[in-house]
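What follows is each chain in one-letter form.
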Amino acid sequence: MSQIGQPNSPIKPPQHVAIIMDGNGRWAKKRGLPRLAGHKAGTENLRRIISASVEFGVQYLTIYAFSTENWGRPRDEVDGLMRIVEDVIEKELNELDEQGVQLRHLGKLDQLSLNLQKKVLAAVDRTRNNSRLVLNIAFNYGGRDEIIHAIRQILVDGIKPEDVSPELVSHYLYTAGIPDPDLIIRTSGELRISNFLIWQGAYSEWYVTPTYWPDFGKNELRKALDEYANRDRRYGKVDSSEYEGSHV
Ligand code: FPP
């Protein structure tokens, strides 16, 4: 059977893949390591998954790196995650740029340190013309927060109630201009949406695997994309062929 990413693969990858990178803490605990070691291993894996996404022809990759609720974690862990992101921007930006990756940030920037804000804005600006893969980093992101932010802006802009449509709301989200995710992957087996892309994911296909994020490598991604290729997306409708002979 053909597989995504194999030579002459006829299978079309999903245009937009979003990932809840869960299980770093449990991955570390299983090895008797501190939680931050899990986040570091998760960051290493992210590099593999970005390259694999480019290779498989995914055009948009959205990753959930820090939620608006993650501030409630121990101070050490929060500080560690902030440092990891700063480090990644510092050390990986050249390579991401060379790979043709365009970086975008989803979420509230103003609660981050000034230094991190500057680095994020500079990375977004530097890669803005890249088009091989758009990498959306949801950092200090929450779906409800995003919708509240959009409603406030819609009111500020004086939009008339009758002009509010799904397209208009989408235009006011952090993901404006980005197609909705076709596939949302969640690692580590939890069956929750966790405030991730709650508007954009209305008709996304889900793929949940028990594998912890640091172990979710290229072959696991291929498996998820292959499974997606066999899904029948109906968006709440019924295929016209199913009407045949169904007169009651
Ligand atoms: C969830 O695992 C993971 C996170 C909250 C952080 C994910 C962040 C990274 C992988 C860092 C890389 C990000 C960038 C943008 C460079 P968990 O800690 O909730 O795991 P657990 O449920 O097993 O405790």
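Structural data are supplied above this passage.
First things first, this report covers the structure right here in the doc. Computed from a prediction, not measured in an experiment: that's the story for all the values here.

### Here's the deal with the pairing of strand β1 (residues 16-20)
Part 1 of the argument: For β1, the tally of buried residues reaches 5 of 5 residues, placing the bulk of the element in the interior.
Part 2 of the argument: Residue alternation in β1 divides its side chains into two sets, His16, Ala18 and Ile20 and Val17 and Ile19, and both sets are buried.
Part 3 of the argument: Summarising the sheet, β1 and strand β2 (residues 60-67) pair through 5 bridges and their orientation is parallel. Paired with isoleucine 20 across the bridge in β2 is tyrosine 64.
Part 4 of the argument: Where β1 lies against strand β5 (residues 183-187), 4 bridges are found, and the strand directions are parallel. When the bridges of β5 are listed, alanine 18 appears paired with isoleucine 184.

### What about the site of the ligand?
Part 1 of the argument: Around the ligand lies a shell of 17 residues, among which Asp22, Gly25, Arg26, Arg35 and Arg73 are the nearest.
Part 2 of the argument: For the ligand, an oxygen atom lies 2.8 Å from a polar atom in the side chain of arginine 35.
Part 3 of the argument: At 2.8 Å from an oxygen atom of the ligand is found a side-chain nitrogen or oxygen belonging to arginine 73.
Part 4 of the argument: Relative to its free-state accessible area of 630 Å², the ligand is covered by the protein chains to the extent of 91%.
Part 5 of the argument: Taken together, the elements giving at least two residues each to the shell around the ligand come down to α1 (24-30), α2 (35-56) and α3 (75-98).
Part 6 of the argument: A total of 5 residues in the shell around the ligand trace back to one element, the largest contributor, which is α2.
Part 7 of the argument: Residues of the shell around the ligand, tallied by class, amount to 6 nonpolar, 7 polar and 4 charged.

### A few points about the side chain of asparagine 195
Part 1 of the argument: Summarising the element assignment, asparagine 195 is placed in the loop between β5 and β6 (205-209).
Part 2 of the argument: The contacts of asparagine 195, once residues within four sequence positions are left out, are Tyr64, Thr68, Glu69, Tyr141, Gly142, Gly143 and Arg144.

### Examining the packing of aromatic side chains
Part 1 of the argument: Within this structure, the stated rule accounts for 8 aromatic pairs.
Part 2 of the argument: With a centroid separation of 6.3 Å and 85° between ring planes, the pair formed by tyrosine 141 and phenylalanine 196 is classed as edge-to-face. With tyrosine 141 in strand β4 (residues 133-141) and phenylalanine 196 in the loop between β5 and β6, this pair connects stretches of sequence that are 55 residues apart. Each member of the pair tyrosine 141 and phenylalanine 196 is classed as buried.
Part 3 of the argument: Through a chain of ring-to-ring contacts, the aromatic side chains of Tyr64, Tyr141, Tyr174 and Phe196 assemble into a single cluster.

### A look at the nonpolar core
Part 1 of the argument: Judged by nonpolar contacts, the single largest core of 40 residues is most densely connected at Leu61 and Ile185.
Part 2 of the argument: Not counting residues up to four positions away in its chain, the partners in contact with isoleucine 185 are Val17, Ala18, Ile19, Ile20, Tyr207, Phe216, Leu221 and Ala224.
Part 3 of the argument: Residues Ala18, Tyr64, Tyr141 and Leu197 belong to the second largest nonpolar core, which totals 10 residues.

### Some points on the side chain of histidine 105
Part 1 of the argument: The topology assignment puts histidine 105 in strand β3 (residues 101-106).
Part 2 of the argument: For histidine 105, a relative accessible area of 18% corresponds to the buried category.
Part 3 of the argument: Contact partners of histidine 105, with chain neighbours within four places excluded, come to Val120, Val124, Ile137 and Phe139.

### Details of the pattern of salt bridges
Part 1 of the argument: Enumeration over the complete set of coordinates arrives at 21 salt bridges.
Part 2 of the argument: In this structure, arginine 186 and aspartate 22 form a salt bridge, with 3.0 Å as the shortest nitrogen-oxygen distance. Of this pair, arginine 186 sits in strand β5 while aspartate 22 sits in the loop between β1 and α1, placing them 164 residues apart in sequence. Both residues of the pair, arginine 186 and aspartate 22, count as buried.
Part 3 of the argument: In this structure, the salt-bridge partner of glutamate 44 is arginine 47, at a minimum N-O distance of 3.6 Å. Of this pair, glutamate 44 and arginine 47 both sit in helix α2, 3 residues apart, which is roughly one turn of that helix.
Part 4 of the argument: Residue classification places glutamate 44 among the partly exposed residues on the basis of a relative accessible area of 38%.
Part 5 of the argument: Where salt bridges share partners, they join Asp22, Arg26, Arg186, Glu190 and Arg192 into one cluster.

### Brief notes about the sheet that holds β1
Part 1 of the argument: Spatially, β3-β4-β2-β1-β5-β6 is the arrangement adopted by the 6 strands of the open sheet, whose pairing is parallel. Each having just a single partner strand, β3 and β6 make up the two edges of the open sheet. Neighbour-to-neighbour, the strand axes of this sheet turn through a mean angle of 20°, independent of strand direction.

Each value, and the rule that gives it
Residues numbered from 1 in each chain as written. Predicted model: local features only at pLDDT ≥ 70, side-chain atom pairs only at ≥ 80, totals over all residues. Heavy atoms only, no water. Buried < 20%, exposed > 50% of the residue type's maximum accessible area, 1.4 Å probe, protein only. Helix = DSSP H or I, 4+ residues; strand = E, 2+ residues; numbered from the N terminus. Pairing = 2+ DSSP bridges. Near = heavy atom within 4 Å. Polar contact = N/O pair within 3.5 Å; in protein donor to acceptor, adjacent residues only side chain to side chain. Areas by Shrake-Rupley, 256 points an atom, 1.4 Å probe, with all protein chains shown as cover. Nonpolar A, V, L, I, M, F, W, Y, C, P; charged D, E, K, R; others polar. Contact = heavy atoms within 4.5 Å. Phe/Tyr/Trp six-rings, centres within 6.5 Å; stacked < 30°, edge-to-face > 60°. Core = buried A, V, L, I, M, F, W, Y, C linked by side-chain atoms within 4.5 Å. Salt bridge = Lys/Arg side-chain N within 4 Å of Asp/Glu carboxyl O. Axes fitted to C-alpha atoms, helices over the stretch in contact; angles between N-to-C directions.

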